[in-house]
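# Inside the fold
Residue-level listing of the chains:
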Amino acid sequence: MLTTLQTAYSDTRAADLAWALGREPLPALAVLDLQLPCAKLQMRLLGASHQVLLEEERGTCSETVACIPGSSTPLPLGVAKRMGEWEYEFAARVETLSEGSFAGRAQELLALVADHPHGLAGTFPGSPYAFTAMLAQFSEGQVRWRTWHAYPQEGQLVVTRTRVGVRMPAPAL
């Protein structure tokens, strides 16, 4: 699903993004609810930020990547955590692209997500390449999502990937 977000483009720098687990739902500009075989997943666009809410019989998981006032947790390169019976893995990177490469990559990503049944993308008025996009998938008992946060004025694309799955018991010796 591709939508135009009815708000000013205010998250101005990739370096301002922060990461948080366990936050309450924040006001969203666009939402996509997905019913997966083992869980409910809600993808939320918060401007140039995102929040994913995962609900399953074993519990819930809330991931937020946003410009969070007062946050002391910058966007990490990687996180691996055990959360009850779940394993949570998060990774982020920043791609810096030339103006022409940025435009091509933006078009490619928006096309990928726009018509995908588990995709959500929002563009901002004023720049066709200012966007946030999300794509989710479920396979082999794991929920995965990828996100892209575009900062065309900097030529930067923040790319994240997350995996949440049931922790497998250690093999018996």
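Reading guide: rules and limits
Residues numbered from 1 in each chain as written. Predicted model: local features only at pLDDT ≥ 70, side-chain atom pairs only at ≥ 80, totals over all residues. Heavy atoms only, no water. Helix = DSSP H or I, 4+ residues; strand = E, 2+ residues; numbered from the N terminus. Polar contact = N/O pair within 3.5 Å; in protein donor to acceptor, adjacent residues only side chain to side chain. Contact = heavy atoms within 4.5 Å. Buried < 20%, exposed > 50% of the residue type's maximum accessible area, 1.4 Å probe, protein only. Core = buried A, V, L, I, M, F, W, Y, C linked by side-chain atoms within 4.5 Å. Pairing = 2+ DSSP bridges. Axes fitted to C-alpha atoms, helices over the stretch in contact; angles between N-to-C directions. Salt bridge = Lys/Arg side-chain N within 4 Å of Asp/Glu carboxyl O. Phe/Tyr/Trp six-rings, centres within 6.5 Å; stacked < 30°, edge-to-face > 60°.

### Here we look at the side chain of Gln42
Mapped onto the secondary structure, Gln42 falls in strand β4 (residues 40-45). A polar contact of 2.7 Å, which involves the side chain of Gln42, links it to the side chain of Asp33. Here Arg44 takes part through its side chain, which lies 2.9 Å from a polar atom of the side chain of Gln42. Residues within four places of Gln42 in sequence aside, it is in contact with Val31, Leu32, Asp33, Gln51, Val52 and Leu53.

### Re the environment of Met134
Following the sequence through the fold, Met134 ends up in strand β10 (residues 127-139). Taking the relative accessible area as the measure of exposure, Met134 reaches 0% and is therefore buried. Sequence separation of Met134 and Arg161 is 27 residues, and the distance between their C-alpha atoms is 9.7 Å.

### Re the nonpolar core
Counting 33 residues, the largest nonpolar core has Leu41, Met43, Leu54 and Tyr88 as the members making the most contacts within it. Residue contributions to this core peak at four residues, all from strand β8 (residues 86-96). Look past the residues within four positions of Leu41 in its chain and what remains in contact with it is Leu32, Asp33, Leu34, Leu36, Val52, Leu53, Leu54, Ala136, Val143 and Trp145.

### As for the sheet that holds strand β5 (residues 50-56)
In spatial order, the strands read β2-β6-β5-β4-β3; together these five strands make up an open sheet with antiparallel pairing. In the strand order of this sheet, the two ends are held by β2 (18-21) and β3 (30-35), each with one partner. Put simply, the sheet's adjacent strands are angled 10° from each other on average, direction ignored. Bridge count between β4 and β5: six bridges; the pairing is antiparallel. Across the sheet, residue Leu41 finds its bridge partner in β5, namely Leu54.

### Notes on the pattern of salt bridges
One side chain can pair with another of opposite charge once the charged atoms of both are near each other. Following the criterion strictly, the structure yields five salt bridges and no others. A salt bridge links Arg163 to Glu89; its shortest N-O distance comes to 2.9 Å. A residue pair is termed long-range when its members are at least 10 positions apart, and Arg163 in strand β12 (residues 156-166) and Glu89 in strand β8 qualify at 74 residues. On the basis of relative accessible area, Glu89 is assigned to the partly exposed category, the value being 33%. Two residues, Arg105 and Glu95, come together in a salt bridge whose shortest N-O distance is 3.6 Å. Here the residue Arg105 occupies a position in helix α1 (residues 99-114), and Glu95 occupies one in strand β8, the gap between them amounting to ten residues. A residue is classified by how much of its surface remains accessible, and Arg105, at 22% relative accessible area, is partly exposed. In the salt-bridge network here, residues are joined through shared partners; they are Arg93, Glu95, Arg105 and Glu108.

### Examining the pairing of β3
Note on strand geometry: in a regular strand, side chains alternate between the two faces of the sheet. What you see with β3 is a clean split: Ala30, Leu32 and Leu34 sit on the buried side and Val31, Asp33 and Gln35 on the side with no burial. In terms of strand pairing, β3 meets β4 through six bridges, oriented antiparallel. In the sheet register, Val31 faces β4, and the bridge partner there is Arg44. Remark: four residues form the turn of the hairpin made by β3 and β4, two consecutive strands paired antiparallel.

### Details of the packing of aromatic side chains
Aromatic ring pairs are described here by two measures, namely the spacing of the ring centres and the angle between the planes. The final tally for this structure, using the stated rule, is two aromatic pairs. Measuring from centroid to centroid gives 6.4 Å for Trp19 and Tyr88, while their planes differ by 35°, and the two rings are tilted. Taken together, the positions of Trp19 in strand β2 and Tyr88 in strand β8 put the pair 69 residues apart, joining distant regions of the chain. Plain terms: the ring middles of Trp19 and Phe90 are 5.9 Å apart, the flat faces sit at 35° to each other, and that makes the pair tilted. Note that Trp19 is positioned in strand β2 and Phe90 in strand β8, a separation of 71 residues in sequence. Exposure remark for Trp19: the relative accessible area of 11% places this residue in the buried category. By relative accessible area, Phe90 is classed as buried at 3%. Members of the aromatic cluster, each reached through a chain of ring pairs, are Trp19, Tyr88 and Phe90.

Read these as geometric descriptors, not functional statements.
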